[in-house]
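Summary of structural features
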Amino acid sequence: MKQVIKAPLVTEKNTYHNAAGVYVFEVDLKASKTEIKAAVEKNFKVKVAGVRTNICRGHSKYTKFGLTKVPYWKKAFVKLAEGEKIALFEGV
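The following refers to the structure shown. (Residues numbered from 1 in each chain as written. Predicted model: local features only at pLDDT ≥ 70, side-chain atom pairs only at ≥ 80, totals over all residues. Heavy atoms only, no water.)

Observations regarding the overall build of the protein chain
- Secondary structure assignment for the protein chain yields two helices and six strands.
- Moving toward the C terminus, one meets the helices and strands of the protein chain in the order β-α-β-α-β-β-β-β.
- By its C-alpha atoms, the protein chain is 50 × 30 × 15 Å across when sized along the principal axes.
- Taking all 92 residues of the protein chain together, 32% fall into the buried category.
- Within the protein chain, contacts between residues separated by at least 24 positions form 60% of all contacts whose residues are at least 6 apart in sequence.
- With an accessible surface of roughly 6500 Å², the protein chain has 55% of that area assigned to carbon and sulfur atoms.
- Here the protein chain contributes 18 positive and 8 negative side-chain charges, whose respective centroids are spaced 8 Å apart. (Helix = DSSP H or I, 4+ residues; strand = E, 2+ residues; numbered from the N terminus. Buried < 20%, exposed > 50% of the residue type's maximum accessible area, 1.4 Å probe, protein only. Contact = heavy atoms within 4.5 Å. Areas by Shrake-Rupley, 256 points an atom, 1.4 Å probe, with all protein chains shown as cover. Lys, Arg positive; Asp, Glu negative; His and termini not counted. Charge placed at Lys NZ, Arg CZ, Asp CG, Glu CD.)

Structure (structure tokens):
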């Protein structure tokens, strides 16, 4: 069984989304929108209105071992139903 939600993404830009009821998570690259919706509803006990996904390209990075590549990753924008909130993001 794969872990669908890897981590919440808390940035300054994403806190503006939180005010509109949209929360951003880093998710598994192969996770579908229905899997993401089910995982958020199960883990946080909220009702999800919609899910948008975005695949973020990896980039090249210089390290002491030479040029390496950061892998692709996926983020999900989860819009909650009216009046729902996730306590994990409150007070950030």
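That was the structure; now back to the text.
Remarks on a nonpolar patch on the surface
- Together, Leu29, Ile55 and Tyr72 make up an exposed nonpolar region whose accessible area comes to about 290 Å².
- Mapped onto the secondary structure, Ile55 falls in strand β3 (residues 48-56). (Patch = residues over 30% accessible without salt bridge, like charges linked within 9 Å, V, L, I, M, F, W, Y side chains within 5 Å. Salt bridge = Lys/Arg side-chain N within 4 Å of Asp/Glu carboxyl O.)

So, the side chain of Lys74
- Mapping Lys74 onto the fold places it in strand β6 (residues 73-80).
- Of the polar contacts made by the side chain of Lys74, one reaches the backbone oxygen of Ala31; its length is 2.7 Å.
- In this structure Lys74 touches Phe25, Glu26, Val27, Asp28, Leu29, Ala31, Thr53, Asn54 and Ile55, once residues within four positions along its chain are discounted. (Polar contact = N/O pair within 3.5 Å; in protein donor to acceptor, adjacent residues only side chain to side chain.)

Section: the nonpolar core
- Core analysis: the largest hydrophobic core is formed by 17 residues, its most contacted members being Phe25, Ile36, Val40, Val78, Leu80 and Ile86.
- Every element with two or more residues in this core is listed here: β2 (22-27), α2 (33-44), β3 and β6.
- Those residues in contact with Phe25, other than ones at most four positions away along the chain, are Ile5, Ala7, Pro8, Leu9, Val40, Phe44, Lys74, Lys75, Ala76, Val78, Ile86 and Phe89. (Core = buried A, V, L, I, M, F, W, Y, C linked by side-chain atoms within 4.5 Å.)

Examining the pairing of strand β5 (residues 66-69)
- Examined bridge by bridge, strand β4 (residues 60-63) and β5 share four bridges and lie antiparallel to one another. From the neighbouring strand, Ser60 faces β5, where its bridge partner is Lys69.
- A loop of two residues connects β4 with β5, the two strands running antiparallel in sequence. (Pairing = 2+ DSSP bridges.)

Focus: α2
- Between its terminal C-alpha atoms α2 stretches 16 Å, which fits the 16 Å expected from 12 residues at 1.5 Å a residue.
- Next to the buried residues of α2 lie β1 (5-8), β2, β3 and β6.
- The first or second residue beyond α2 is Lys45, which carries a positive phi of 55 degrees. (Expected span 1.5 Å × (residues − 1).)

Honestly, that's just the spatial picture; any functional story needs more than this.
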